[in-house]
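Spelled out, the chains give:
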Amino acid sequence: MFKVKDLTFRYPKNKVDTLKGLTFEIKEGEIFGLLGPSGVGKSTTQKILTKLLDNYSGEIKYKDKDLKEYKKEFYQEIGVGFEMPVHFSKLTANENLTFFKKLYKSNADTDELLKKVGLYEDKDKQVNEYSKGMKVRLNFVRALLNNPKVLFLDEPTSGLDPKNARVVKDIIKDFKDNGGTVLLTTHLMNDVDELCDRVAFLADGQIAEIDSPKNLKLKHGQRVVDLEYAEDGSTEKASFDLDSLGADEEFLNIIKEKKIITIHSKETTLDDIFINVTGVGKDE
Amino acid sequence: MNNFLVLLTGEIQRMKKYNILGASLLVSIIWIGVLHFTEIENVSNIFPLLIFLDATSMSMLLVGVSMFFEKQEGTLKSLLISPINKNEYILAKVFSNVVSNIITLGILYAYARIFKEIDINVLGIFSAVILIGFFHSLIGFILTYYSKDFTGLLMGMLKYSFVFMIPVLLQEVGIIKSELIGKILYIIPSKSAMVLLKSSAGGIDIWSILLSTAYMILGSVVIYYFVSKKFDKFAVKESGV
C-alpha cells in the first residue's frame with residue numbers, strides 16, 4: 001500500500017534530521033505498528049504519510065504512485081484518528097459527524113459506529129459536555145466515517161477504560177478483516193501485541209527493528225524453558241535449552257515424575273524489546 | 001470547489017453556535033442605537049460611516065476569532081486531512097464573513113428605512129460591503145497568521161486600525177482638512193473602503209470611485225495570493241509541528 005524508501009526529513013528550525021533514511025513498506029490489509037519513544041519521529045512519519053508535511057526527501061509510493069502526485073482525492077481514501085480531540089466543541093457529536101460526512105463521497109453508517117462505541121445515546125450532546133474517553137471514541141468514529149481504505153491511528157485506546165478499549169480494538173480488527181490497512185502508533189505494547197501484524201521500532205530517526213511481534217519476541221528472547229517444580233516439600237527451579245528439549249533426559253524426568261508448579265518459555269515481551277531496541281525507557 | 005458550499009454552510013453554522021454571529025448582531029444593535037439617538041433625521045451620510053466600521057474591523061476580527069477557535073480545538077487538523085483544498089477553506093471563511101457583513105447592513109438599512117430617512121444606492125452599498133468585507137477578511141487571515149494568541153490578534157488589529165483606519169475617520173469628521181493628505185490617503189485601503197461606501201450616498205467623483213474599486217479588487221487579488229501562499233506554512237504549524 002505504502003512503500004517508503006530512504007525517507008529523510010528535517011524541520012526548518014532544526015539542525016539535525018528528524019528522520020534519517022527510513023525504508024519500510026506497509027502492506028495492503030495489514031496492521032503496521034510504528035513504535036518508539038516520544039520525539040523519535042513517529043508523528044512526523046505519520047504526518048508525511050498523510051500529506052500534512054511534504055518537504056521531505058526520499059520516495060513514498062501509495063498504490064505504486066508517488067504520494068506527491070495525489071491531490072485532495074487522497075483524503076477520500078484515508079481516515080486519521082488523532083490522539084487529541086479534534087471536534088467543534090459547541091456542536092453536538094452528530095453535528096460534527098454530519099458536517100465532516102458531507103465532505104466525503106463515501107459515508108459509513110455513523111449511527112451504527114456510535115452505537116458500537118457507546119456514544120449513540122449522547123450523540124445530541126455538545127462535545128464540550130463529553131468526557132475525555134468519549135472524545136477519544138468520537139475521534140475514532142470521525143476516522144472511520146468515510147469508509148477509508150487506510151486508517152492512521154495515534155494512541156486509539158489512550159484514555160479508554162478496558163471495556164471501551166476492547167470495543168475499539170475489535171473494530172480495528174474488523175476493519176482489517178474487511179481488507180483495511182492500518183498504521184498504528186501507540187505506547188501500549190499490549191495493543192501492539194494483540195493487533196499488529198508487523199511493527200517497526202524507531203530509534204534516533206531510524207528503523208532499529210522491523211518484523212512481526214512474534215518474530216521479534218523470539219529474536220530478542222532466550223531460547224530456554226524455565227521450570228518450577230515441587231521436591232521434598234520445597235520448590236526447585238531449573239532451566240533447559242528450548243531447542244533440545246525433547247532429548248533432554250533431565251527435563252523429561254522432571255515433567256514425568258515431579259509436580260510442575262510453573263513452566264515458561266523465556267520469550268521476551270514487547271516492552272523489553274522497546275527498551276532494548278530504542279535504548280530508552282518507553283515513557284521518555 | 002465541490003466542497004466549498006459544505007464548508008461555507010459549516011462556517012455559518014459554527015458562527016451561530018459559537019455566538020460569533022450573535023456578537024456581530026449585538027454590534028449591529030449598537031449601531032442602531034447610534035442611529036436612533038442621533039438627532040439627524042436623514043442618516044444617508046452617517047450610514048456609510050457605521051457600515052465602514054463593521055465591514056472593516058468586524059471582518060478582520062471575525063475571521064481571527066473563528067480561526068483561533070479552530071486552533072484551540074484542533075479542528076483545523078481535522079479539516080486538513082479532509083478532501084478539501086486551501087482555496088475552498090479560505091474562501092468559505094471569507095464568504096461566511098461577508099454574509100455576516102450583509103446581515104448587519106440589511107438590519108441597519110431596514111432600521112434606517114423604517115425609523116429614519118435614508119437615500120442611498122442600495123445595490124451600490126451592498127456591492128461595496130462585499131468588496132470591503134472580502135478584502136478585510138483576507139487581512140484578518142494575515143493578522144491571524146502572525147499572531148501567537150488572541151491577544152496578539154487584537155494587538156495586530158489595533159495597529160492596523162491606528163495606521164489605516166483612524167486617519168480616514170479623522171478626515172471624515174473634519175479633523176484632517178488638508179487636501180494633499182486627503183489625496184495621500186488613497187494609498188491606504190481604508191480610504192478606498194470609505195470612498196466606495198460614501199459613493200452610495202452620492203457626491204463622489206467618478207474617478208475616485210473607479211480608483212477605489214480597482215484598489216479593492218486588485219488589493220484582494222494580491223492579498224489572496226499572499227494568504228494562499230502562506231497558508232501551507234500556517235497549516236503545518238497548526239497541525240502540531
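Refer to the structure above for everything that follows.
Remember, predicted model here, so these are calculated numbers, not experimental data.

Undergrad: Which residues make up the packing of aromatic side chains, and what values do they have?
TA: Both the distance between ring centres and the angle between the ring planes are used here to describe each pair of aromatic rings. Counted under the stated rule, the structure contains 25 aromatic pairs over all chains. Centre to centre, the rings of phenylalanine 240 of chain A and phenylalanine 251 of chain A are 5.2 Å apart; their planes meet at 70 degrees, and the pair counts as edge-to-face. With phenylalanine 240 of chain A in strand β12 (residues 234–241) and phenylalanine 251 of chain A in helix α9 (residues 249–257), the pair connects residues that are 11 residues apart, well separated along the chain. Judged by centre distance (4.8 Å) and plane angle (50 degrees), the ring pair of tyrosine 18 of chain B and phenylalanine 69 of chain B falls under tilted. Remark: phenylalanine 69 of chain B occurs in helix α3 (residues 46–73) and tyrosine 18 of chain B occurs in the loop between α1 (4–17) and α2 (20–37); sequence separation between them is 51 residues. Judged by its relative accessible area of 7%, tyrosine 18 of chain B falls in the buried class. In textbook terms, an aromatic cluster arises when at least three aromatic residues are bridged by ring pairs, as seen for Phe2, Tyr62, Tyr70, Phe74, Tyr75 and Phe152 of chain A. One residue, arginine 14 of chain B, lies across the ring of phenylalanine 88 of chain A, its end atom 4.0 Å from the ring centre.

Undergrad: Can you explain the interface of chain B and chain A? Please cite residues and give values.
TA: Listed per partner, the contact involves 27 residues of chain B and 24 residues of chain A. Roughly 2500 Å² is buried in total at the junction of chain B and chain A, and carbon and sulfur atoms are behind 64% of that figure. For glutamate 88 of chain B, the salt bridge identified is with lysine 72 of chain A, shortest N-O distance 2.9 Å. Within the residue set of the side of chain B that touches chain A, elements represented by two or more residues are α1, α3 and α4 (75–80) of chain B. Sort the elements by how many residues they give to the side of chain B that touches chain A and α1 of chain B lands first, with 6 residues. A per-class count over the side of chain B that touches chain A returns 10 nonpolar, 11 polar and 6 charged.

Definitions and limits used
Once a new chain begins, its residue numbering starts again from 1 and follows that chain's sequence as written. Naming scheme: in the order in which they are written, chains are lettered from A and ligands are numbered from 1. Reporting of local features is limited, given that this is a predicted model, to residues whose pLDDT is at least 70; pairs of side-chain atoms are given and counted only at 80 or more, and all residues count toward the totals for whole chains, interfaces and linings. Excluded from the side-chain calculations are hydrogens and water; all other atoms, namely the structure's heavy atoms, are used. Centres within 6.5 Å make a pair out of two Phe, Tyr or Trp rings, where for Trp the six-membered ring is used; the pair is then stacked when the planes are under 30 degrees apart, edge-to-face when over 60, and tilted otherwise. Numbered from the N terminus, helices here are DSSP runs of H or I no shorter than four residues, and strands are runs of E no shorter than two. Accessibility here uses a 1.4 Å probe with only protein chains present; expressed as a share of the type maximum, an area under 20% marks a residue as buried, one over 50% as exposed, and anything in between as partly exposed. Whether a charge sits over a ring comes down to the Lys NZ or Arg CZ being within 6 Å of the ring centre and within 35 degrees of the ring normal. For this analysis, residues touch if any pair of their heavy atoms sits within 4.5 Å. A quick way to say it: buried area is the sum, across both parts, of accessible area lost when two parts are put together, with a 1.4 Å probe. In what follows, salt bridge is the name for a side-chain nitrogen of Lys or Arg lying within 4 Å of a carboxyl oxygen of Asp or Glu. Each residue is assigned to one class: nonpolar for Ala, Val, Leu, Ile, Met, Phe, Trp, Tyr, Cys and Pro, charged for Asp, Glu, Lys and Arg, and polar for all the others, Gly among them.

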